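An overview of the molecular structure
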Amino acid sequence: MINKFHKDENGYENWLFNNKQGYVFNHFGTVEMNKMHHATCYTLHTVKHQGSRTNYEKICSLDYKELEQEANRVTRNQWSKCKSCFKTV
């Protein structure tokens, strides 16, 4: 199931707390900033952005494939994976 959060800090924080095995797609609207993360990624939990994390859309799901399809749909395949979350060997 896809969950979207925009200007909803409490909803987003609750989703993160309850779905640590999930994924978060940051939908900024620019290719460089549209990123897929694991819900536990440290970049999603910085104190600096506390209170403003959902100023841009967060799209979340427990199902990676479902979220990947949604990311492709909303960005026309213009996104990337967080290098901290998805390390290549």
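Quick summary incoming for the structure in this document.

Thresholds applied
Residues numbered from 1 in each chain as written. Predicted model: local features only at pLDDT ≥ 70, side-chain atom pairs only at ≥ 80, totals over all residues. Heavy atoms only, no water. Pairing = 2+ DSSP bridges. Helix = DSSP H or I, 4+ residues; strand = E, 2+ residues; numbered from the N terminus. Contact = heavy atoms within 4.5 Å. Axes fitted to C-alpha atoms, helices over the stretch in contact; angles between N-to-C directions. Phe/Tyr/Trp six-rings, centres within 6.5 Å; stacked < 30°, edge-to-face > 60°. Buried < 20%, exposed > 50% of the residue type's maximum accessible area, 1.4 Å probe, protein only.

Section: the sheet that holds strand β4 (residues 57-61)
An order of β1-β4-β2-β3-β5 is seen for the five strands of this open sheet, with the pairing classed as mixed. Lying at the two open borders of the sheet, with one neighbouring strand each, are β1 (3-5) and β5 (80-81). Relative to β5, strand β3 (residues 35-38) is paired through two bridges, and the arrangement is parallel. The partner of Met36 across the bridge, within β5, is Lys81. Contacts between helix α2 (residues 64-75) and the sheet are confined to β1, β2 (23-27), β3, β4 and β5, with β2 contributing the most and set at about 5° to the helix.

Looking at the packing of aromatic side chains
Under the definition given, this model contains five aromatic pairs. Centroid distance Tyr23 to Tyr64: 5.1 Å. Interplanar angle 70°. Geometry classified as edge-to-face. Here Tyr64 lies in helix α2 and Tyr23 lies in strand β2, a separation of 41 residues in the sequence. Of the two residues, Tyr23 and Tyr64, neither departs from the other in class, the shared state being buried.

A word on the environment of Glu70
Structurally, the position occupied by Glu70 is in helix α2. Considered as a pair, Glu70 and Leu44 are 26 residues apart in the sequence and their alpha carbons are 19 Å apart. Once residues lying within four places of it in the same chain are set aside, the contact partners of Glu70 are Ile2, Lys4 and Ile59.

A word on the side chain of Asn34
Counting through the fold element by element, Asn34 comes out in the loop between β2 and β3. Note on Asn34: relative accessible area 2%, which makes it buried. Excluding its chain neighbours within four sequence positions, the residues that come into contact with Asn34 are Phe25, Asn26, His27, Phe28, Gly29, Thr75, Gln78, Trp79 and Ser80.

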